[in-house]
Amino acid sequence: AHIWQGIIKEYAEFLPEHLKTNIVTLGEGGTPLVPAPYLNELTGAEIYLKVEGMNPTGSFKDRGMTTAISAAAAKGAKAVVCASTGNTSASAAAYATHAGMICAVLVPDGKIAMGKLSQAIAHGAKLLQVDGNFDDCLVAARKLAESYPVELVNSVNPDRIEGQKTGSFEVVDVLGDAPDIHALPVGNAGNITGYWKGYVEYEAAGKATRRPQMWGFQAEGASPIVAGHPFDEPETIATAIRIGNPASWDKALEARDTSGGVIEAVTDEEILAAHRILSAKVGVFVEPASAAGVAGVLKRAQAGLVPAGAKIVITVTGHGLKDPAWALRTEDGAEVQPQKVTADVMSIAQALGLA
Ligand code: F0G
């Protein structure tokens, strides 16, 4: 049996040499591509979920972090820094500590999910809660890396994109070719940039005969690319994508336009409805931001914009355990209170409606 060795070794021939001299890996990549028949029924398409919550720290960020931290290690870096809405910080902290590096993270105060905060702290990061949003954190992190001996590991670092492009390679390796459409959430726009680069390179290498349309979805209250201008005060319950001025804005537009795709907005209600469908019907538990791609595809299907039978891959970016509180609310926002019973079979059978 083949034992998965992490994306740098698995896709070495498609990655630059400087990433391979000092590989720092936690075994990222090789994530499941799960068929979702329930979503096929809702859309008339053929849908697969690329379940990135199955990465070592529970999000897609690990693909780009193995490459960014390996490059930093090859340079002899002692410390790294990132701005984050949570997942990047969790990933950077894990890979940095594995490599024996110090990790500093800047997060928007009070606006990152508890699971992610816990991860960064557990992995020993120096975590600073900044009085500002993600965009403010990223400006500060970039300036810090310019003036002090710390490497920036946000997706503005091209080594990050190199890792993230391997998501596309895996999709093509499983399906045998590129899908018709690849949908995903868009925040800072690093992932859509990475996936598009991956599809273009795999086609050029003869591994695929075509490329998909890229469909990106932002949360409506944080949808600068859709609106065509930065948002000073982005707001959404999907805190992972609460970003008003994406760093890879231009590259997201290029991916959209070259692929003949779209970047559109979905409301928080649509995100939560998709989150609920994924957990209650498909059996895949994701964090709210990760449901934005599914919300977008469902919205377009309702508008008649999903071609019948289209093969669609949707990246669900992060694990539900990152931000589990959303599962404990009903559709109208009330708290879910699990029923209590005494420890005898009769009361349990009654509670289950069996007796
Ligand atoms: N989904 C999740 C769960 C994320 O954490 C992010 C970004 C995205 C989607 C959007 O991806 O930024 O490449 O367009 N999270 C970053 C972070 C910003 O700091 O963890 P993107």
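Residues numbered from 1 in each chain as written. Predicted model: local features only at pLDDT ≥ 70, side-chain atom pairs only at ≥ 80, totals over all residues.

Under an unreviewed UniProt entry, the name given to the protein chain is Threonine synthase, and the organism recorded is Populibacterium corticicola. Recorded under Pathway (unreviewed entry), the UniProt text for the protein chain is reproduced unchanged: "Amino-acid biosynthesis; L-threonine biosynthesis; L-threonine from L-aspartate: step 5/5." (UniProt positions renumbered as here; feature names shortened; annotations may be inferred.)

Chemist: What is the right way to look at the pairing of strand β4 (residues 102-108) in this model?
Modeler: Looking down a regular strand, the side chains alternate between one sheet face and the other. In terms of residue burial, β4 counts as a mostly covered element, since six of its seven residues are buried. Looking at chain direction, strand β3 (residues 79-83) and β4 are connected through five bridges and run parallel. Within β4, the position partnered with Ala79 by the bridge is Ile102. Handedness of the β3-helix α4 (residues 87-98)-β4 crossover: right-handed. Assessed by its sense of winding, the connection that carries the chain from β4 through helix α5 (residues 114-122) to strand β5 (residues 126-130) is right-handed. (Buried ≥ 20, exposed ≤ 12 C-beta atoms within 10 Å, placed from the backbone. Helix = DSSP H or I, 4+ residues; strand = E, 2+ residues; numbered from the N terminus. Pairing = 2+ DSSP bridges. Right-handed = clockwise from strand over helix to strand, strands pointing away.)

Chemist: Explain the nonpolar core here, please?
Modeler: Nonpolar side chains in soluble globular proteins tend to end up buried together. In terms of nonpolar packing, the biggest core is built from 95 residues, with Ile69, Val80, Ala92, Val105, Ala292 and Ile314 touching the most fellow members. Split by domain, the residues of this core number at least three in each of domain 1 (7-58 + 160-328) and domain 2 (61-157). Those residues in contact with Val80 that lie beyond four places of it in its chain are Ile69, Ala72, Ala92, Ala96, Met101, Cys103, Val150, Glu151 and Val153. (Core = buried A, V, L, I, M, F, W, Y, C linked by C-beta atoms within 7 Å. Domains from an automatic or database assignment. Contact = placed C-beta atoms within 7 Å.)

Chemist: What should I look at first to understand α5 in this one?
Modeler: All of the buried residues in α5 are Gly115, Lys116, Gln119 and Ala120. Down the axis of α5, the buried side of the element spans an arc of 130°, and every buried residue falls inside it. Turned more than 90 degrees away from the buried face of α5, the exposed residues are Met114, Ser118 and Ala122. Summarising the contacts, the buried residues of α5 are in contact with α4, β4 and β5. (Arc of directions from axis to C-beta.)

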